[in-house]
Amino acid sequence: MRNKIKKIGVMTSGGDAPGMNAAIRAVVRACSYYNVECVGVYRGFQGLIEGDFTALTARNVNNTINRGGTILKTARSEDFKTKKGREKAYQQLQNKQIDAMVLIGGDGTFTGGMIFNKEYQFPCIGIPCTIDNDIFGTNSTIGFDTALNTVVEAIDKIRDTASSHNRLFFVEVMGRDAGFIALNSGVGSGAEEILIPEENLGLDRLLESLKRSKRSGKSSSIVVVAEGDKIGKNVFELANYVEENLPEYEVRVSVLGHMQRGGSPSCFDRVLASRLGVKSVELLLDGKSNLMVGLMNNKIETTELNKAVKGEHHINKELLRVSDIMSI
């Protein structure tokens, strides 16, 4: 079966995440190890449609394991959502004699690959790479650990000024639909409260918690807020509400924004990307397709792409309990 695959394409799509380059590097070097040609696709599905390809060898990816972002660039593609766009993408792959694709990204990337596989029976393997960690079938996505470390480092610095001025800081982190970054970074940084989309804390309970912190002798507090939290319309309105109802607090807001996506990937993300990248190539060479590779209990496991997209990666209830205890 392995002899049928002569050339494998690799691309990054959707939002960038630390570790994408490490994953690209792993795919390219695994291809080189198994004597298979590797072709990089620039700008995700849009580059696929436009035939924006480049040959990649083991030496092309020197000194990339430590780089954030993606050397292959990434972009959204409205064209790929159309049948005509996908037909053009398939023709480009045929012209370049590419036999299979490794797709590095999140659920949008996997949805595109799943549809493409169904229409053209074109072999695709997905590698989960998103800081949100919201993909079913893996304990951790590439980029999540690095984003957590970035957030915790930022909150540690914010706490210094919060303590100096006896202030309450609302720190907004990424997580429009999932609270993995907020929950883990909140526990890791010792936040007094953590607001996530999965758990509606409620304004009254938030106020009571902050009052309790004040009574216990805390002169400053940190509240970590996922951008998708349902309590307020946005973090600034939430901060205004608390300041109006708890005038004893001087409230400030810090939105960490896209700094969470950048930076050199952590060792964990580099190792994870290397393991998943190698496995994705080996799966294709073994005739497997329409799967995502992930890490479950420190073992590389596969999940069907449709399950990875439709399944729900649940928040850790035990960690929620721990956060409540730690906020006393």
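Just so we're clear, the structure is a prediction, and the values are computed from it rather than from any experiment.

### Notes on the environment of E227
With respect to the helices and strands, the residue E227 is situated in the loop between β8 (221-226) and α8 (235-245). When its relative accessible area of 39% is taken as the criterion, E227 is described as partly exposed. With 49 residues separating them in the primary sequence, E227 and A178 have C-alpha atoms 9.0 Å apart. When residues no more than four places from it in sequence are discounted, the contact partners of E227 are E172, V173, M174, G175 and R176. Within polar-contact distance, the side chain of E227 engages the backbone nitrogen of G175 at 3.0 Å.

### Observations concerning the packing of aromatic side chains
Geometrically, a pair of aromatic rings is defined through the distance of the ring centres and the angle of the planes. This model, assessed by the stated rule, comprises eight aromatic pairs. For the ring pair F80 and F116, a centre distance of 5.7 Å and an interplane angle of 45° mean the geometry is tilted. Here the residue F80 occupies a position in the loop between β3 (53-56) and α3 (83-95), and F116 occupies one in helix α4 (residues 107-120), the gap between them amounting to 36 residues. Summarising the burial analysis for this pair, F80 and F116 share the class buried.

### Things to note about the nonpolar core
Looking at soluble globular proteins, one finds that nonpolar side chains tend to be buried together. Among the nonpolar cores identified, the biggest contains 62 residues, and I8, I104, I181 and I222 are the most heavily contacted of them. Not counting chain neighbours up to four residues away, the residues in contact with I222 comprise I155, I158, R159, A162, F169, V171, A191, E192 and E193.

### Quick look at the sheet that holds strand β9 (residues 250-255)
The four strands lie next to each other as β7-β8-β6-β9, forming an open sheet whose pairing is parallel. Because the sheet does not close on itself, it has two edges, and the strands there are β7 (193-195) and β9. Strand-to-strand twist across the sheet, computed as the mean angle between neighbouring axes with direction ignored, equals 20°. Sheet analysis places strand β6 (residues 167-173) next to β9, joined by six bridges and oriented parallel. Following the sheet pairing, E172 is matched in β9 by V255. This element, helix α5 (residues 144-165), spans β6, β8 and β9 of the sheet and lies at about 165° to β6.

### Some points on the sheet that holds strand β4 (residues 100-105)
Within the open sheet, the seven strands sit side by side as β3-β2-β1-β4-β5-β10-β11. Their pairing is mixed. One side of each edge strand has no neighbouring strand; the edge strands of this open sheet are β3 and β11 (299-304). Neighbour-to-neighbour, the strand axes of the sheet open up by a mean angle of 30°, direction not taken into account. Sheet analysis places strand β10 (residues 291-296) next to β11, joined by six bridges and oriented antiparallel. Within the sheet, the bridge partner assigned to L291 lies in β11 and is E304.

Conventions adopted
- Residues numbered from 1 in each chain as written.
- Predicted model: local features only at pLDDT ≥ 70, side-chain atom pairs only at ≥ 80, totals over all residues.
- Heavy atoms only, no water.
- Helix = DSSP H or I, 4+ residues; strand = E, 2+ residues; numbered from the N terminus.
- Buried < 20%, exposed > 50% of the residue type's maximum accessible area, 1.4 Å probe, protein only.
- Contact = heavy atoms within 4.5 Å.
- Polar contact = N/O pair within 3.5 Å; in protein donor to acceptor, adjacent residues only side chain to side chain.
- Phe/Tyr/Trp six-rings, centres within 6.5 Å; stacked < 30°, edge-to-face > 60°.
- Core = buried A, V, L, I, M, F, W, Y, C linked by side-chain atoms within 4.5 Å.
- Pairing = 2+ DSSP bridges.
- Axes fitted to C-alpha atoms, helices over the stretch in contact; angles between N-to-C directions.

Remember that the coordinates give geometry; whether it matters functionally is a separate question.
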